[in-house]
Amino acid sequence: MLKNYFLAALRHLRTNKAYSFLNVIGLAIGMACAALIFLWVENELNFDNVNTKKDRLYYVLVNEKYDVGIVTHASTPGLMAPVMQKDIPGIASTCRVSEDDASVLFSIGDKSLYASGRYAEPSVFSMFTLPFVQGNAKAAFSQLYSLVVTQKTARKFFGDDKNVLGKTVRVNNKQDYVITGVLKDLPENTSLRFEWLAPFEIWYKQSPWAYKWENNCLSTYVELEPGVNPATVNKQLYNYVQQHAPSSIGHVFLFNMNDWHLRWAFDNGKQTGGGRIEYVHLFSIIAWIILIIACINFMNLATARSEKRAREVGVRKVLGAGKRGLVVQFIGEALIMATLSAVCALFIISLALPAFNILVQENLSLGLTNPFHILALLSIIVICGLVAGSYPSLYLSSFNPVFVLKGLKLKSGSAAGIRKGLVVAQFTISLVLIIATIIIYQQIQHVKSRNLGFDKDNLLEVDLRGNMGKNFSFIRQDLLNTGVVENAALSDHPTLYGGNNTNSLNWAGKAPGSKVLISGRSVTPGFFAVSGMHILEGRDLQESDTIHSNGSQKNISTVITASLAKMMGNESAIGKSLYNEGDSSTRAVVVGVVNDYVYGNMYDKPDPVLFTVIPSEDANVMYVRVKPRDGMEQVLAKMEAVIKKDNPAYPFGYRFVDDQFNQLFINEALISKLSRVFAALAILISCLGLFGLAAYTAERRTKEIGIRKVLGASVPGIAGLLSKEFVQMMLLSCLIAFPVAWWAMSRWLQGYAYRITINAWVFLLAGVSAMLIAVITISFQSVKAALANPVKSLRSE
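1. Considering the overall build of the protein chain
Next up, step 1: For the protein chain, the helix and strand inventory stands at 25 helices and 28 strands.
Next up, step 2: The buried share of the protein chain, reckoned over its 797 residues, is 49%.
Next up, step 3: Considering only contacts within the protein chain whose residues lie at least 6 apart along the sequence, 78% involve residues at least 24 apart.
Next up, step 4: Accessible area of the protein chain: about 37000 Å², with a carbon and sulfur share of 57%.

Okay, here's the thing in structure tokens:
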């Protein structure tokens, strides 16, 4: 019996090649899209799964209350971790890690290269799963200047040398470090990423600010003992910092590793449950929607061609076939078609995966040796087969053999209605995706085009290495002499990102109890001109604007942003002073006001900033404004020649600020790109089904078309007649899709403080575009049918 069903299914596929092809390709594209999305989703959900203690590992976060609300961050006091481990029961271990990746120059013989890493306490090896391939955790940091590297870094340093333990590398041309361990390369989907680790004690000794409870300056990780309730520990942590620093406003709490990557979203100090997990949910839904759209094609084409199989059903019923057997047969055909589609989908995935990896910036693999992937593929085949074949099998098996074999016309009103409903559903979904794609793109461009308060174009950022800071005045002059550089200045922090900040500044007239977070930047004179900021009032900083004494009073000149000047009162801020709470012996006297500029969160209003002068040797970053020109390679070559003349031992490294700016939108850009791709594919799959339905409609009405042509109907008239029904369905799709898309995208935009308003033309553009695509798809078959010779269609009459 099963053999007969199988042979009948193959015969049906062979005798209906065009429709079978449309079904297989439609399902294959849907399966391939869904599979690619599910690979990405799996990678996201498995983030940090390499860590065996994932459920017991926590990041220590801090809530601080300001006038604008509660701010959550991950910077903690340097003294806290070891004391906390002793004081609070249930904490098995703690680990302090330097906050930012340190890009360090390593010299190995005549080879010099940069590699990024962290300074960490030895407990990092017991808390996190970091397998050693050379050396071991106990001996890793047995000496101060030791270095643990990953396999990839070891290959960068020493090539194919298999045993690198005990080898020496020179760091920043100053200190020799010994390789004491090599770690297995870390997977891409892990939070703690680095190329090397060095003892935390090195960083700690060089950071005097880390010895105060009031200063947040590093990352703290906690491992709880098995069975310990984190809520109990959090109760003891709430005022823990205040016990050691009463003036602190920070309240620390534990944040579990399971949420680090996916649910890092806080609102007014409370975890919202949002974050990257929202994108995971969104694209999981899109994957299933695309599969459903592909299955709809199958259902539509199968029921549309029901009259072609009516006699087959009638004969089988007369010969004793029951409804159950027919259902099994047609479901079996759907499963066979789903299997063929899955084979085609695997081929499509293998071709598309490299491009998809570039798109999502991951290193995903199909992994057919993974039992879970095999099970997932089989599940998709079964689900698609059952969903796609369920309604056609029930509909076809319900035919009355008496009516069929007598040649009476079958009642197809309900089936036709369902077909129309499914087509409307397909294009409704496609329209929602198109509208969402346009609005997401608009939102990203809206933020990118906002007034940043500085000019990011033709601006380069260069890390200061060796004696560059000390010799900056000479380097700057040499750069100007090249003719390709307009100006250069130094800063202690990158312009686009957060730097040092404080909530302890006071000024005359400040409301009692008011807490304002103010960022501090130290720059050299000319920084505002280089960055493209504008002095609104007063003057720029000067070399002489350092601390100077006036009796017992010490003053330092400062330039502040306009938002801070407004907080200090409506009158001019020039001449006003700021000072630390409890210590008014040192005051920052305002000599200038600069425009506000955007940094950190590109979607929100930035915190106010206070600028002071920095000695060039203490700066970390150089900004260079180059003259606009096409030959950027020539510009960089001249800059490199100047900088390497002063610092020959350090390779020249640079970053374009506009590239850094674009990196801040990496998540939104990913969503925008994926939305465009999947909206296009949803339309393509829908049009494949529409193409098949249009072909069937034209075939079913062949004789009617022939009669109309004999009676004088024109080709445009016949084409319009055949297209009318589909255009009506498209209009209905628009009526449903527009309010749904408006509601969904309005909710999405609520998550951004700086956002666009949704315009009506977006819906008009999406509707017209979808309508044109559908009409073009239908018109091909309609015009073909209208141009057919009526003699051939009426020959049998």
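2. Things to note about unusual backbone geometry
Next up, step 1: Phi is positive for N172, close to 50°, though the residue is something other than glycine.
Next up, step 2: Turning to its location among the elements, N172 is positioned in the loop between β9 (168–171) and β10 (175–183).
Next up, step 3: For N172, a relative accessible area of 22% puts it in the partly exposed group.
Next up, step 4: Notably, N173 is not glycine yet its phi reads approximately 55°, a positive angle.
Next up, step 5: Note that N173 resides in the loop between β9 and β10.

3. Examining the packing of helix α16 (residues 472–481) against helix α19 (residues 632–646)
Next up, step 1: Two numbers describe how α16 lies on α19: the axes approach to 9 Å, and their chain directions differ by 155°. The orientation of α16 with respect to α19, classified from their angle, is roughly antiparallel. Read as a crossing pair, α16 and α19 show a hand that is right-handed. On α19, the residues touching I475, D478 and L479 of α16 are M639, V642, I643, K645 and D646.
Next up, step 2: Looking at side-chain class alone, the contact of α16 with α19 contains 5 nonpolar, no polar and 3 charged residues.

4. With respect to α16
What sets the pattern is the α-helix's 3.6 residues per turn: residues three or four places apart point alike.
Next up, step 1: Here α16 has its buried residues at F472, I475 and L479. The buried side chains of α16 occupy one side of the element, clustering within an arc of 65° when seen end-on. In α16, those exposed residues whose orientation departs by more than 90 degrees from the buried face are F474 and N481.
Next up, step 2: Each element contacted by the buried residues of α16 is listed here: β17 (485–491), β27 (621–626) and α19.
Next up, step 3: Following α16 by one or two positions, G483 has its phi on the positive side, about 85°.

5. Observations concerning the pattern of salt bridges
Next up, step 1: Counted under the stated rule, the structure contains 17 salt bridges.
Next up, step 2: For the salt bridge of K205 with E201, the shortest nitrogen-to-oxygen distance reads 3.2 Å. Here the residue K205 and the residue E201 both occupy positions in helix α7 (residues 200–205), the gap between them amounting to 4 residues, near one helical turn.
Next up, step 3: For E201, a relative accessible area of 43% corresponds to the partly exposed category.
Next up, step 4: Here the salt bridges share partners, and the residues they tie into one network are E461, D463, R465 and R655.

6. A word on the packing of aromatic side chains
The relative placement of two aromatic rings is captured by the distance of their centres and the angle of their planes.
Next up, step 1: For the structure on display, the rule yields 34 aromatic pairs.
Next up, step 2: Centre to centre, the rings of F527 and Y623 are 6.0 Å apart; their planes meet at 75°, and the pair counts as edge-to-face. Of the two residues, F527 sits in helix α17 (residues 527–531) while Y623 sits in strand β27, which places them 96 residues apart along the sequence. Y623 shares its class with F527; the two are buried.
Next up, step 3: Above the plane of the ring of F661 lies K456, whose end atom (NZ or CZ) is 5.0 Å from the centre.
Next up, step 4: The residue whose ring lies beneath R521 is Y599, and the NZ or CZ to ring-centre distance is 4.9 Å.

7. Overview of the nonpolar core
Note on soluble globular proteins: their nonpolar side chains tend to be buried together.
Next up, step 1: In this structure, W40, F356, F611 and F678 are the most contacted members of the largest nonpolar core, which totals 109 residues.
Next up, step 2: Discounting chain neighbours no more than four positions away, the residues touching W40 are R276, Y279, V280, F283, F356, V360, E362, L364 and L670.
Next up, step 3: Within the second largest apolar cluster, 26 residues are counted, among which are F106, Y119, L147 and V164.

8. Some details on the side chain of T437
Next up, step 1: Following the sequence through the fold, T437 ends up in helix α15 (residues 413–448).
Next up, step 2: Of the polar contacts made by the side chain of T437, one reaches the backbone oxygen of S675; its length is 3.2 Å.
Next up, step 3: Each residue touching T437, except ones within four places of it in the same chain, is listed here: S672, S675, R676 and A679.

9. Some thoughts on the pairing of β17
Next up, step 1: Most of β17 sits out of view: 6 of its 7 residues are buried.
Next up, step 2: Two strands pair when backbone bridges link them, and β17 and β27 are joined in this way by 6 bridges, in the antiparallel orientation. Each residue of the ladder has a partner; that of A488, found in β27, is V624.

10. Considering a nonpolar patch on the surface
Next up, step 1: A grouping of W288, I292, I383 and V387 is seen on the molecular surface, where their side chains present a nonpolar patch of about 320 Å² in accessible area.
Next up, step 2: Of all the secondary-structure elements, those providing two or more residues to the nonpolar patch are α10 (276–304) and α13 (371–396).
Next up, step 3: On the secondary structure map, I292 appears in helix α10.
Next up, step 4: In this structure I292 comes out as partly exposed when scored by relative accessible area, which is 44%.

11. Some thoughts on the confidence of the model for the protein chain
Next up, step 1: Taken as a whole, the protein chain shows an average pLDDT of 82; of its residues, 82% reach a score of 70 or greater.
Next up, step 2: Within the protein chain, the element-level pLDDT minimum falls on helix α14 (residues 401–405), averaging 47, and the maximum on strand β11 (residues 196–199), averaging 96.
Next up, step 3: For residues 402–410, every residue scores under 50 in pLDDT, and the model assigns this stretch 14 contacts once sequence neighbours within four places are set aside.

12. With respect to the environment of I776
Next up, step 1: In this fold, I776 is placed in helix α24 (residues 760–787).
Next up, step 2: Exposure remark for I776: the relative accessible area of 59% places this residue in the exposed category.
Next up, step 3: Once the C-alpha coordinates of I776 and S723 are considered, the two residues, 53 residues apart in sequence, prove to be 9.9 Å apart.

13. A few points about the pairing of strand β16 (residues 459–463)
Next up, step 1: Counting buried residues along β16, 4 of its 5 residues qualify, which places the element largely inside the surrounding structure.
Next up, step 2: In this structure, β16 lies alongside strand β28 (residues 655–656), joined through 2 bridges in antiparallel fashion. From the neighbouring strand, L460 faces β28, where its bridge partner is F656.

14. Looking at the environment of F427
Next up, step 1: Structurally, F427 can be placed in helix α15.
Next up, step 2: Separated by 309 residues in the primary sequence, F427 and I736 place their C-alpha atoms 9.8 Å from one another.
Next up, step 3: Not counting residues up to four positions away in its chain, the partners in contact with F427 are I683, S686, C687, L690, M730, S733 and A774.

Conventions we followed
Residues numbered from 1 in each chain as written. Predicted model: local features only at pLDDT ≥ 70, side-chain atom pairs only at ≥ 80, totals over all residues. Heavy atoms only, no water. Helix = DSSP H or I, 4+ residues; strand = E, 2+ residues; numbered from the N terminus. Buried < 20%, exposed > 50% of the residue type's maximum accessible area, 1.4 Å probe, protein only. Contact = heavy atoms within 4.5 Å. Areas by Shrake-Rupley, 256 points an atom, 1.4 Å probe, with all protein chains shown as cover. Axes fitted to C-alpha atoms, helices over the stretch in contact; angles between N-to-C directions. Parallel < 35°, antiparallel > 145°, perpendicular 65-115°, else oblique. Left-handed = near helix turned anticlockwise from the far one by under 90°. Nonpolar A, V, L, I, M, F, W, Y, C, P; charged D, E, K, R; others polar. Arc of directions from axis to C-beta. Salt bridge = Lys/Arg side-chain N within 4 Å of Asp/Glu carboxyl O. Phe/Tyr/Trp six-rings, centres within 6.5 Å; stacked < 30°, edge-to-face > 60°. Lys NZ or Arg CZ within 6 Å of the ring centre and 35° of its normal. Core = buried A, V, L, I, M, F, W, Y, C linked by side-chain atoms within 4.5 Å. Polar contact = N/O pair within 3.5 Å; in protein donor to acceptor, adjacent residues only side chain to side chain. Pairing = 2+ DSSP bridges. Patch = residues over 30% accessible without salt bridge, like charges linked within 9 Å, V, L, I, M, F, W, Y side chains within 5 Å. pLDDT = per-residue confidence, 0-100.

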